[in-house]
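As a plain string of letters, each chain reads:
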Amino acid sequence: MIEAQGLTVSLAGRTVLQSIDLSISAGRLTAIAGPNGSGKSTLLKTLAGELRHTGRLDLMGEPLSRCQPETLAALRGVLPQSSEVAFPFTVADIVGLGLETGGAGYRSDAAARIGAALDRVGLSGFGPRNYLELSGGEQQRTQFARVLCQIPKAVAEDGTPRLLLLDEPVASLDIRHQLEIMSIARNFAEEGGAVVAVMHDLNLTALFADELLLMRDGRLVVSGPTAAVVTDAILEKVYGCRLRVNAVPPAGVPFVLAQCAG
Amino acid sequence: MTLANDRVGFDREPAAQGNAGARLAPLVLPLLLGISIVSVAFSVTVGASDASLLSLLKAFAGYGMEATALDRDRIVLLELRLPRVLMGFLVGASLAVSGAVMQGLFRNPLADPGLTGVSSGASLGAVVAIILGDRLLGTLAPALGSLLLPLAAFFGGLASTWLLYRVATEGGRTSVAILLLSGIALAAVTGAVTGFLIFLADDRQLRDLTFWSMGSLAATSWPKLAAALLIMLPGLAVAPFLARGLNALALGESAAFHMGIRLQRLKITAIASVAAATGAAVALSGGIGFVGIVAPHLIRMAIGPDHRQLLPAAGLLGGALLVLADSAARTLAAPAELPIGILTAAAGGPFFLWILLKNRARLAV
Ligand SMILES: Nc1ncnc2c1ncn2[C@@H]1O[C@H](COP(=O)(O)OP(=O)(O)O)[C@@H](O)[C@H]1O
Ligand SMILES: [Mg+2]
């Protein structure tokens, strides 16, 4: 779905991403993790087509920089790390914005689609509420519902997979909603779409992600199947602190326990 | 994963409260259309001469009147009042739509063509055209005729809106302080250049300038109105096509791009639309303040910020407000006339202050 080679991005004269090679496949949930400021958000924005880059970056075999905004909008949805809404739109207004992308225009079933998306993120009945008066987690789920309206299916009718780019989708959510949102992302991947999610919680990552990319200082340190990447040595190298990886007995899912610094 | 299907046991979120605005929305446009028509009809009948709408209808029917009274009424109504009232409506609508578009573009409810200096820039264009038009354009100036003033105001508005956008926004964020302070700077520059140009002006130009800068709707005629419409209508006509882009832009430039908006095209079209509508309005009326901030704000309070309804509704409300203000200006001190700018400033100034106070938190940056 996405192929990058020697991907390099500079912002304000600083090299923020340095020669990154990666490959994102449809049907997989790929997580990106790493310390603050390691370039996760920048990488996601680059994959979204927002930033000028050097090196090769192809989406579905085509150079990303050549895709038009409306073409991209039909192929991929993006959940930003934070969003600032300038006017007191209702929740339904915000979610409905996702419906009009990709030249879809007015839909007679808009209200039903908005309602369904809100149901999926656990915000049933929030449609008429003022977005600016929601809690941080509710706002984040509203934005996620907007993305779901923009990319409603993991695979288009012609069989081409769709892509979700999620920057810390569960950062300000309670544990139940973390699981729900990750399950939606997981289902999207299982239905044949591609999901790239920036994650901080390594245990949640181990539970949901097929692949894990670990970043540090703008470089991709390691990538591979999550279980292979989540090891004591690799995590200590990336995060610079002592971490102990164990496995949950029944499924063999790794879990990470922080060790005291001393 | 089974977790997604495990939600049945969770209890629901508390029920959301209804929002009256969303339900009002479908009623507001027809309502405003009705108010607009009524205020235009009312305003045509109001003024120093007591020609009524009924007498106009009679005039058309040629019924029950002496020929002289009939002619006088027809002249008062058709040649003086009707163009003036229509112009008042169009100026109000242009300023309100420009205000709403600017607020969407700058992502800020305090943007307004008057306060941010776009009107100043347009005036500068008009002043330059009045005083230097002959010198700069030679024989082209008379050829352009009534079109010269709105055209020059359009280019002045274009330059100032573009400058303002470059100065006040950085990485998709607008600084309110810079937005409003640039307005002060642009107004100062306009004042200085106008003062300088007055030195260069001859008597006829000075008379033209004074006449124009009085900023009233009094000097309307059909040809002036027609010329201004050539600039104004394209500006107003593109506004509805900006609605979806401005809605998306409310979520920030990145999010708008993610949703397939061509940002560059949106910005350029918005700036051109504001320059055309404001420029033509300024050329006609010399710049009337606060309509661009009051009308969009009232509509947002009534039906919310969705630009698909906001832009046409603010246009209708701005038009109706200005027509009513003009009726008041013509009657409060009859047979004399108050400058309409005094009325809009008296009502709009405190309103602006109120919006400033409501947005105090945002301003403290
Ligand atoms: N617009 C920008 N201009 C300059 N530097 C930036 C910009 N955006 C991010 N950076 C820098 O790039 C690095 C990576 O940022 P980011 O991708 O946001 O990190 P994170 O991994 O926490 O998401 C940081 O050091 C940050 O300071
Ligand atoms: Mg980040």
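In this convention, every chain numbers its residues from 1, walking through the sequence in written order. Whichever chain is written first is A, and whichever ligand is written first is 1; the rest continue in order. It should be noted that, the model being predicted, local features are given only for residues of pLDDT at least 70 and side-chain atom pairs only at 80 or more, the latter also being counted only at that level, while totals for whole chains, interfaces and linings use all residues. Note: side-chain values were computed over all heavy atoms of the structure, leaving out hydrogens and water.

Help me out: how do you make sense of the overall build of chain A in this one?
Along the backbone of chain A there are nine helices and twelve strands. Type-normalised accessible area, obtained with a 1.4 Å probe on protein chains alone, sets the label of each residue: buried when under 20%, exposed when over 50%, and partly exposed for intermediate values. Buried residues in chain A amount to 53% of all 262 residues. Contacts were defined at the residue level, with two residues in contact if any of their heavy atoms lie within 4.5 Å. Taking contacts inside chain A between residues at least 6 apart in sequence as the whole, the part at least 24 apart equals 63%. Here the Shrake-Rupley method, with its probe set to 1.4 Å, supplies the accessible areas, and only the displayed protein chains count as covering residues. A total accessible area of about 10,700 Å² is found for chain A, and carbon and sulfur atoms account for 51% of it. In chain A, the 23 positive side-chain charges and the 27 negative ones have mean positions that sit 4 Å from each other. Segments assigned H or I by DSSP are reported as helices when at least four residues long, segments assigned E as strands when at least two residues long, and all are numbered from the N terminus. Here Asp and Glu are counted as negative and Lys and Arg as positive; His is not counted, and neither are the chain ends. Lys charges are placed at NZ, Arg charges at CZ, Asp charges at CG and Glu charges at CD.

Honestly, the overall build of chain B in this entry has me stumped. Any pointers?
Within chain B, the secondary structure is distributed over 15 helices and two strands. Taking the contacts inside chain B whose residues are at least 6 apart along the sequence as the reference set, 77% of them involve residues at least 24 apart. Element-wise, carbon and sulfur atoms account for 69% of the exposed surface of chain B, whose accessible area totals about 16,500 Å².

I'm lost on the interface of chain A and chain B in this one. Help?
Contacts between chain A and chain B engage 46 residues on the former and 39 residues on the latter. Salt bridges are defined as contacts in which a side-chain nitrogen from Lys or Arg sits within 4 Å of a carboxyl oxygen from Asp or Glu. Note that Glu 70 of chain A is salt-bridged to Arg 262 of chain B, the shortest N-O span being 2.5 Å. Between N or O atoms, a polar contact is any pair within 3.5 Å; within protein, one atom must be a potential hydrogen donor and the other a potential acceptor, and residues adjacent in sequence are included only when both atoms are from side chains. At the boundary of chain A and chain B, one finds eight residue pairs in polar contact (both at pLDDT 80 or more). Contributions of two or more residues to the side of chain A that touches chain B are made by helix H2 (69-75), strand E6 (76-79), helix H3 (91-97), helix H4 (110-120), helix H5 (136-150), helix H6 (175-190) and helix H7 (202-208) of chain A. Ranked by residues supplied to the side of chain A that touches chain B, first place goes to H6 of chain A with eight residues. For this classification, Asp, Glu, Lys and Arg are treated as charged, while Ala, Val, Leu, Ile, Met, Phe, Trp, Tyr, Cys and Pro are nonpolar and the rest, including Gly, are polar. Looking at the side of chain A that touches chain B, its residues break down into 17 nonpolar, 14 polar and 15 charged.

When you look at the sheet that holds strand E1 (residues 2-11) of chain A in this model, what are you seeing that I'm missing?
By way of backbone hydrogen bonds, the strands of a sheet pair with one another, either parallel or antiparallel. Residue and element names in this part refer to chain A. Across the sheet, which stays open at both edges, the four strands sit in the order E2-E1-E4-E5 with antiparallel pairing between neighbours. Lying at the two open borders of the sheet, with one neighbouring strand each, are strand E2 (14-24) and strand E5 (62-63). Note: strand E4 (residues 54-59) against E5, two bridges, orientation antiparallel. If you follow Leu 59 over to E5, its bridge partner there is Glu 62. One requirement defines pairing of two strands: DSSP has to find at least two bridges between them.

It is not clear to me how the nonpolar core should be interpreted in this structure. Could you clarify?
Within soluble globular proteins, side chains that are nonpolar generally end up buried alongside one another. Grouped together as the largest cluster of nonpolar side chains are 157 residues, with contacts concentrated most on Ile 2, Leu 22, Leu 29 and Leu 43 of chain A together with Val 91, Val 101 and Phe 106 of chain B. Among the elements that take part in this core, helix H3 (residues 67-105) of chain B stands out by supplying 13 residues, more than any other. Residues within four places of Val 91 of chain B in sequence aside, it is in contact with Leu 217, Met 232, Ala 281, Leu 284, Ser 285, Ile 288 and Leu 322 of chain B. The nonpolar core is taken to be a set of buried Ala, Val, Leu, Ile, Met, Phe, Trp, Tyr and Cys residues, with the residues joined through side-chain atoms within 4.5 Å. Counting residues in hydrophobic clusters, the runner-up holds 17 residues, among them Ala 122, Ala 201, Leu 209 and Trp 212 of chain B.

What am I meant to see in the coordination of the magnesium ion (ligand 2) here?
Geometry sets the ideal angles at a metal, namely 109.5 degrees for four tetrahedral donors and 90 or 180 degrees for six octahedral donors. Donor atoms from the polypeptide that coordinate the magnesium ion (ligand 2) comprise Ser 41 of chain A (OG) and Gln 81 of chain A (OE1), at 2.0 to 2.3 Å from the metal. Here the residue Ser 41 of chain A occupies a position in helix H1 (residues 40-48), and Gln 81 of chain A occupies one in the loop between E6 and H3, the gap between them amounting to 40 residues. Donor criterion used throughout: N, O or S atom within 2.8 Å of the metal, extended to 3.2 Å for Na, K and Ca. Water excluded; incomplete-looking sites may result.

Whenever I open this one, the pairing of strand E3 (residues 29-33) of chain A confuses me. Can you help?
Two faces belong to every sheet, and in a regular strand the side chains alternate between them. Residues and elements named next belong to chain A. Of all five residues in E3, five are buried, a share of seventy percent or more. The two faces of E3 match: Leu 29, Ala 31 and Ala 33 on one face and Thr 30 and Ile 32 on the other face are all buried. One ladder, built from four bridges, connects E3 with strand E9 (residues 211-216); its direction is parallel. Bridge pairing in E9 links Ala 31 to Leu 212.

How do you make sense of the sheet that holds strand E7 (residues 163-167) of chain A when you look at a structure like this?
Residues and elements named next belong to chain A. An order of E6-E7-E8-E3-E9-E10 is seen for the six strands of this open sheet, with the pairing classed as mixed. In this open sheet, the two strands that pair with only one neighbour each are E6 and strand E10 (219-225). Strand-to-strand twist in this sheet, taken as the mean axis angle between neighbours without regard to direction, amounts to 15°. Sheet analysis places E9 next to E10, joined by six bridges and oriented antiparallel. Across the sheet, residue Glu 211 finds its bridge partner in E10, namely Pro 225. Note on geometry: axes are C-alpha line fits, over the in-contact stretch for helices, and angles between N-to-C directions span 0 to 180 degrees.

What should I look at first to understand unusual backbone geometry in this one?
Most peptide bonds take the trans form, and the phi angle of most residues other than glycine is negative. A positive phi angle, near 30°, is found at Ser 19 of chain A, a position not held by glycine. By the element assignment, Ser 19 of chain A lies in strand E2. For Ser 19 of chain A, a relative accessible area of 43% gives the class partly exposed. For Arg 107 of chain B, which is not glycine, the phi torsion reads 55° and is therefore positive. Tracing the chain through its elements places Arg 107 of chain B in the loop between H3 and helix H4 (118-137). Of the residues examined, Arg 107 of chain B reaches a relative accessible area of 13% and is grouped as buried.

I would appreciate a short explanation of the pattern of salt bridges in the present structure.
Once their charged atoms are close, side chains differing in charge can pair, the charge on each being opposite to the other. Residue and element names in this part refer to chain A. Under the defined criterion, the tally for this structure stands at 14 salt bridges over all chains. Arg 216 serves as the salt-bridge partner of Asp 217, at 3.8 Å between the closest nitrogen and oxygen. Since its relative accessible area comes to 61%, Asp 217 is described here as exposed. Ionic pairing is found between Asp 232 and Arg 244, a salt bridge with its closest N-O pair at 2.5 Å. Taken as a pair, Asp 232 in helix H9 (residues 232-239) and Arg 244 in strand E11 (residues 243-248) lie far apart in primary sequence, twelve residues in all. Residue Asp 232 is classed as partly exposed on the basis of its relative accessible area of 22%. A single salt-bridge network, built from bridges that share partners, covers Arg 186, Glu 190 and Asp 210.

Quick question: what am I supposed to make of the site of ligand 1 here?
Residues and elements named next belong to chain A. The full set of residues close to ligand 1 is Leu 11, Ala 12, Arg 14, Val 16, Pro 35, Asn 36, Gly 37, Ser 38, Gly 39, Lys 40, Ser 41 and Thr 42. A distance of 3.3 Å separates an oxygen atom of ligand 1 from a polar atom in the backbone of Ser 38. Surface burial for ligand 1 is 63%, taken as the share of its 550 Å² of free accessible area covered by protein chains. Counting residues per element, the shell around ligand 1 draws most heavily on H1, at three residues. Residues belonging to the shell around ligand 1 are distributed by class as follows: four nonpolar, six polar and two charged. Residue proximity to a molecule or strand is established when one non-hydrogen atom of the residue lies within 4 Å of it.

Looking at this structure, I do not really get the packing of aromatic side chains. What am I missing?
For any pair of aromatic rings, geometry is given as the distance between the ring centres together with the angle between the planes. All names here are of chain B. Only the six-membered ring of Trp is used, alongside the rings of Phe and Tyr, when aromatic pairs are assigned; centres must lie within 6.5 Å, and planes under 30 degrees apart are stacked while those over 60 apart are edge-to-face, with the rest tilted. Under the criterion given, the structure shown has four aromatic pairs over all chains. Ring centres of Phe 106 and Tyr 165 lie 5.7 Å apart, and the angle between their planes is 50°; on these two criteria the pair is classed as tilted. Residue Phe 106 is located in the loop between H3 and H4, and its partner Tyr 165 is located in helix H6 (residues 148-168); the two are separated by 59 residues in the primary sequence. The same class applies to Phe 106 and to Tyr 165, which are both buried. For the pair Phe 351 and Trp 354, a centre-to-centre distance of 5.5 Å together with 65° between the ring planes defines the contact as edge-to-face. Highlighted residues: Phe 351 and Trp 354, both in helix H14 (residues 340-358), separated by three residues, approximately one helical turn. Among the residues examined, Trp 354 registers a relative accessible area of 37% and is labelled partly exposed.

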